[in-house]
Amino acid sequence: MEKVHLTVNGMQIAARESQTVLQAALNADIYIPHLCFHPDLTPQGGCKLCVVEIEGVEGAVTSCTTPVQDGMVIKTKSEHLSHLRAVALELLLACHPADCTSCPVYLNCELQAVTQYLGVAHSRLRKIDKKNIKINNNNPLIVREMERCIQCGRCIRACLDIRNVGILQYNQKDGEIYVGTEADLPLKDADCRFCGACVEVCPTGALRDKEGIFSKESPREKSLIPCSDSCPVGTDIPTYIRFALAGQYSEAVGVIREKIPFPLSLGYVCNHKCETACRREKLNSPISVRNLKRFAVENDKTEIWKSKAQQKMAATGKQVAVIGAGPAGLTAAFYLTKKGHTVTVYEKLPIAGGMMAVGIPAYRLPNEIIDNEMEFIKDIGVEIITNTAIKSAEELKNSGYDAVLIAVGAHMGRSLPVVGTGQKRVYTAVDFLRKISLQEEIDIGEKIAVIGGGNVAFDCARTVVRLHGKTVELICLEPRDAMLADQEETSQGAEEGIIIHNSQAILKIEEAQDGPTGVKHIDVKKFSFGQDGRLEIEPIEGSERVTTADTIIVAAGQSPKIARDFGVELDRANRIIVNNETLATSKTGIFAAGDAIYGTKSVVEAVASGRKAASSIDHYLGGNGDISEILIERQLPNGKMGKKENFAKEERQSPAILAEAARINCFCKVDLGLDEEQAAKEAGRCLQCDLRVGISKVKFWGDYTYK
Amino acid sequence: MKLTCEKNTFITDTAEIIAKDEAICTVDWSKSMFDYARRESCGKCVLCREGTMQIYSIIRDITESKGEAEDLALLTELSHIMERNAGCEQARKVAKNLLVAIEMYQDEWEMHIKRKRCPALVCRNYISYHILPENCQGCMLCSNSCGKGAIAGSEGLIHVIDQEKCSRCGECTKVCSYDALQKAGAIKPKTPEFPIPVGSFESGSGRRRRRG
């Protein structure tokens, strides 16, 4: 690129031939007032604030539309220029509310800043009250308070220039000009893509994001992408959805694998916080992120990420033991192995996978999926020793390991005081599910009662349905509309014939000599949790009844099962006490992760905890602690998404579900996933929130050296 | 959607205002020009979008007894800026026309602003319509033509305009065959307060002769 030289206010500056005078000056840290100019948009020359005088040119010219020329001599300040700028700004302010302090963008407003810089006041001009500002001001996601609009046209250009959508325009009505859509249609009907570019470039408080869409806890760059921001491992969701849309499933998997060593398992069972956070939820329904993940993995024919994902650093000679082969332990083992350490995983049970294998029933997550994903982890060199219980972490460490990670999960089911444990045919959910998964002998009768209303209760009840000829009733405290289980669990469970009793408190277990005969429960008017966390129940007198049952399963939560002499400090709920930053326990070189430190959460939380532990342990062992990796090189996404008819109305794609008749009495997978056409439709629904991060940030006059 | 401002439809030459006759009110002419210009603006340039709107508002105020002493200087200042810096030919042209109109007919502007009068009897706020009792034949054509019901009188009675109701549209002047409708500025003709029989109005004293 050819360089040219010009003089601005007596200073020599260099510029590229393709630049405008304004760009050249701003690059050289010389401020020229501007408002309708935005670095990413085609200049319009409309606000007149960027006017300058150029030697040999008559009058003032807008610097944003004037290309640089070698030898140009430019003045950015003069009495005439100040007057012109002041009048232009006064004209803008004449149709803008005078009170800044009540504006949501007070002190974060380009108009306010430039008004302050130019020393202009709301003033001697006639106040112009435009009548058309109330048009179309009720939209999802985007607040449009057009009385603050100064018609700089940045939103119009952002919509057209950088998104190629072009639904915003200058409208004329009754002699007034305002920014709107064609025929003043609401954004939804005007085929807005809700990308937020217009909001991003608005210099005033006219266009804003609705409150509560973006988290205030994360830095802005992250919070703008709510799916990734809410994902415990921070998966780059918009990027893999984009790959999925392009049919590049292997690339999509690579992006997922940068954070998750169990992409397919999570494609089946992730509790998808991303979907809860998805901005599209406010439009109609969130993107089916989990199903897209699953579809991508199941259609990844080339595994182009594989060789990179298998790369290991040079051996460090350090030995690490991991106790527990669940998602947390295996994730940590995987990344520690990649960092060059030698890792051995000890598993008490005969199979690896932890709760994924023995807590989640096979109809939700087929065993061969876990096995396949485990193979990849073993392939890079993680040694998994099953059927081996560790008595003491400290002893294990002293037997020759440089570090130990405890990731034993939470395998001790909780019961209710009125139920107790240990009686014949009374089980906690974890014990029941584990025995079924491991195909162990278990004594169950014909009529089963499940106590609890969360996802685990449904896992139990729906497992019973699959055990040939057993009937099951589920008794829970919450009313139907406040049940803790996912909606698909309650509805599919009901389809499978589970009888659900809502708003019930358990009074006692009716028992005979050879085991339980029923559950006595009572209708609950309302319940609450007192200040000390104790449950307070208001029963309806006289509504006691007995549900007959010869087997009881209690799904009332679970906690870590760790002996007091395991060698680390535990809290009252039997959880291992760790430093939240390093996950180090009270014993040097011994770390802990997963359910064992925080009780029960989810598989993806366990993966996140395992990653954190791997990083921390690597650090402890002398490494840099960096386990981040790029498996798929990114290209800058094409922001020109274009207009798409009826985009806002595109419905979420639902996966095919196995018919009830086919799914009871067997553990076949119930959710059959999306087909290719559905996956493409679903990926095409994404609002692509990440594109907004790519829009340049504007600088205020205070940021420049010469102003 | 108009994205460019290349239309150059309002080519009113300054010659029109320079050569105007007494029936044309400079202020009203200027107001129409800016009303047109603001409706034609593409919206991109602040001097045209807000400038035409602002100037139109000021001139409208001047025609509606809301003009202020500084307005003429303000209009001149805004027009100068617009004439030199607006983004398109049309905006520069209307600004230039206004400058000529102000310079040539400053007295007329001053009359509107300071004395609330329109010498050409065009600006509605500064005029009133009257029915000359000497000419009125009580034919009812004018009262039938009035959309506001502002003209009182029945057949054979001298008609009288209720100034409160009158919108000064001038429709009545078009239908009268007797030259009885008159537009007035500051000096208003004498008329009866309510309808009286044709021929019974005494113009000299202004007093009405009572019958019986």
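The shown structure was predicted, so the numbers you read here are calculated from the model rather than taken from an experiment.

> What should I look at first to understand the sheet that holds strand S13 (residues 403–406) of chain A in this one?
The strands that make up a sheet pair up through hydrogen bonds in the backbone, lying either parallel or antiparallel. Residues and elements named next belong to chain A. With parallel pairing, five strands are arranged side by side in an open sheet as S12-S11-S10-S13-S25. The open sheet has two free edges, formed respectively by strand S12 (383–385) and strand S25 (590–592), since each of these has just one partner strand. Taken over all neighbouring pairs, the strand axes of this sheet differ in orientation by 20° on average, direction set aside. Of the pairings in the sheet, the one linking S13 to S25 comprises three bridges and is parallel in character. Along S25, the bridge assignment pairs Val 404 with Ile 590. Here helix H14 (residues 327–338) sits on the sheet in contact with strand S10 (319–323), strand S11 (342–346) and S13, set at roughly 165° to S11.

> Looking at this structure, I do not really get the pairing of strand S8 (residues 176–181) of chain A. What am I missing?
A regular strand places its side chains so that they alternate between the two faces of the sheet. All names here are of chain A. With respect to burial, S8 is a largely interior element, five of its six residues being buried. Strand direction decides the pairing type here: strand S7 (residues 168–173) and S8, joined by six bridges, are antiparallel. In the sheet register, Leu 168 faces S8, and the bridge partner there is Thr 181. Counted between consecutive antiparallel strands, the loop separating S7 from S8 contains two residues, among which Asp 174 sits at a positive phi close to 50°.

> Would you mind going over the domain arrangement of chain B with me for this structure?
As a measure of interface size, the accessible area lost when the parts come together is often cited. In terms of domains, chain B is made up of domain 1 (14–114) and domain 2 (127–212). Spacing between the C-alpha centres of domain 1 of chain B and domain 2 of chain B amounts to 36 Å.

> It is not clear to me how the domain arrangement of chain A should be interpreted in this structure. Could you clarify?
Assigned domains within chain A: domain 1 (3–101), domain 2 (220–305 + 651–684), domain 3 (318–411 + 560–620) and domain 4 (422–427 + 446–557). The centre of domain 1 of chain A, based on its C-alpha atoms, is set 48 Å off from the matching centre of domain 2 of chain A.

> What is the right way to read unusual backbone geometry from this model?
Positive phi is not limited to glycine here, since A:Asp191 has a value of about 65°. As for its placement among the helices and strands, A:Asp191 is situated in the loop between S8 and helix H5 (197–201).

> What am I meant to see in the confidence of the model for chain B here?
Do not read the fine detail of predicted coordinates wherever pLDDT is low. All names here are of chain B. For chain B, mean pLDDT is 87; residues scoring 70 or higher make up 88% of the total. Counting interchain partners and residues more than four positions distant, the pLDDT-below-50 stretch residues 1–11 has 21 contacts. For this predicted complex, the interface confidence score (ipTM) comes to 0.85, while the overall pTM stands at 0.88.

What counts, and where the lines are drawn
Residues numbered from 1 in each chain as written. Chains lettered and ligands numbered in written order. Predicted model: local features only at pLDDT ≥ 70, side-chain atom pairs only at ≥ 80, totals over all residues. Pairing = 2+ DSSP bridges. Helix = DSSP H or I, 4+ residues; strand = E, 2+ residues; numbered from the N terminus. Axes fitted to C-alpha atoms, helices over the stretch in contact; angles between N-to-C directions. Contact = placed C-beta atoms within 7 Å. Buried ≥ 20, exposed ≤ 12 C-beta atoms within 10 Å, placed from the backbone. Domains from an automatic or database assignment. pLDDT = per-residue confidence, 0-100.

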